[in-house]
Amino acid sequence: MIRDLVIENRSYRSFDESKPIGPETLKELVDTARLCGSAVNRQPLKYRLVSEKDEVEEVLSHTHWAGLLKDVVLPPEGHHPTAFIAVCCDTSVTPDPAHAQFDAGMAAQTIMLMASEEGFGGCMLMAFDKEAVSVALRLPKKLSPVVLLALGVPDETVFLCDLPADGSTAYFRDKAGVHFVPKRSLADVLVE
Ligand SMILES: Cc1cc2nc3c(=O)[nH]c(=O)nc-3n(C[C@H](O)[C@H](O)[C@H](O)COP(=O)(O)O)c2cc1C
């Protein structure tokens, strides 16, 4: 059921490093993402797979996680993602990377849902140093990274919950480190 998969597919920020996600799995994920819809069917997205430990660590060092949580470093040491997929806009296909944002969102969600189905998980990241990541991955000038997908086998618990009384949508963690993500109710999102 797609709904179950969507519920399971949370943003995870701690991983079991002993269970890597290999390059073949990454390729399978992209092989499905490339079939997604695309504005004017231009298909400007290109995917850089990252699964070698050194490269993963280098990319990770240019990313920012869970900006709302001030007292915790994520992902924790020893619980890093084991792969990234850098979803890039090929500016020789679509000159303005902003035009590829919808395509990238659809591809990213497709990849994350498939990853969930296969027992993996991760986090979409748009808070990263694009220049530094481009250099680290030796991306050709025409490729502009739009979103990074951090992937691995999650080893943390994330629950959805209702919005608190003050209406805040800020995610939070309890003392045990369990991560809660408030979601607006159906009544709140339906326009009367
Ligand atoms: C487009 C997009 C960009 C995001 N960028 C980041 C990011 O840079 N760092 C991060 O820790 N989480 C990032 N997230 C994850 C969000 O914080 C997360 O989706 C939100 O807290 C809700 O949690 P959920 O995904 O479990 O529903 C991003 C999510 C989306 C959809």
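Rules used throughout
Along each chain, residue indices are assigned from 1 in the same order as the chain's sequence is written. Predicted model: local features are reported for residues with pLDDT of at least 70 only, side-chain atom pairs are reported and counted for 80 or more only, and whole-chain, interface and lining totals are derived from all residues. A pair of strands counts as paired when DSSP detects no fewer than two bridges linking them. In this description a helix means any DSSP run of H or I spanning at least four residues, a strand means any run of E spanning at least two, and both kinds are numbered starting from the N terminus. Axes here mean lines fitted to C-alpha atoms, for a helix over just the part in contact, with angles spanning 0 to 180 degrees between N-to-C directions. Domain delimitation follows an automatic or database domain assignment. Three classes are used, and their members are as follows: Ala, Val, Leu, Ile, Met, Phe, Trp, Tyr, Cys and Pro are nonpolar, Asp, Glu, Lys and Arg are charged, and the others, Gly among them, are polar. Buried Ala, Val, Leu, Ile, Met, Phe, Trp, Tyr and Cys residues whose C-beta atoms connect them within 7 Å together make up a nonpolar core. Each residue is classed by its C-beta neighbour count within 10 Å, where at least 20 other C-beta atoms makes it buried, 12 or fewer makes it exposed, and intermediate counts make it partly exposed; the C-beta atoms are placed from backbone geometry. Two residues qualify as being in contact provided that their C-beta atoms, derived from the backbone, are within 7 Å of each other.

(A) The sheet that holds strand E1 (residues 45-50), seen in detail. Strands sit in the order E1-E2-E4-E3 across an open sheet of four strands; the sheet is antiparallel. Of all strands in the sheet, those bounded by a partner on one side alone are E1 and strand E3 (121-125). When the angles between neighbouring strand axes are averaged without regard to direction, this sheet yields 25°. Here E1 pairs with strand E2 (residues 83-90) via six bridges, running antiparallel. The residue of E2 that forms the bridge with Leu45 is Cys89.

(B) Structural view of the domain arrangement of the protein. If you check the domain split of the protein, you get domain 1 (2-156) and domain 2 (157-192). Broken down by class, the residue content of the side of domain 1 that touches domain 2 amounts to five nonpolar, no polar and two charged.

(C) Quick look at the sheet that holds strand E5 (residues 158-162). The strand order E5-E7-E6 describes an open sheet built from three strands, whose pairing is mixed. Either end of the sheet is taken by a strand with one partner, and the two such strands are E5 and strand E6 (172-173).

(D) Region of interest: the nonpolar core. By size, the foremost hydrophobic cluster in this structure holds 39 residues, and its most contacted members are Phe84, Ile85, Val87 and Leu149. Residue assignment for this core shows that the elements contributing at least two residues are helix H2 (23-33), E1, helix H3 (53-60), E2, helix H4 (101-117), E3 and strand E4 (143-152). Look past the residues within four positions of Ile85 in its chain and what remains in contact with it is Leu26, Leu29, Val30, Tyr47, Leu49, Ile111, Leu149 and Leu151.

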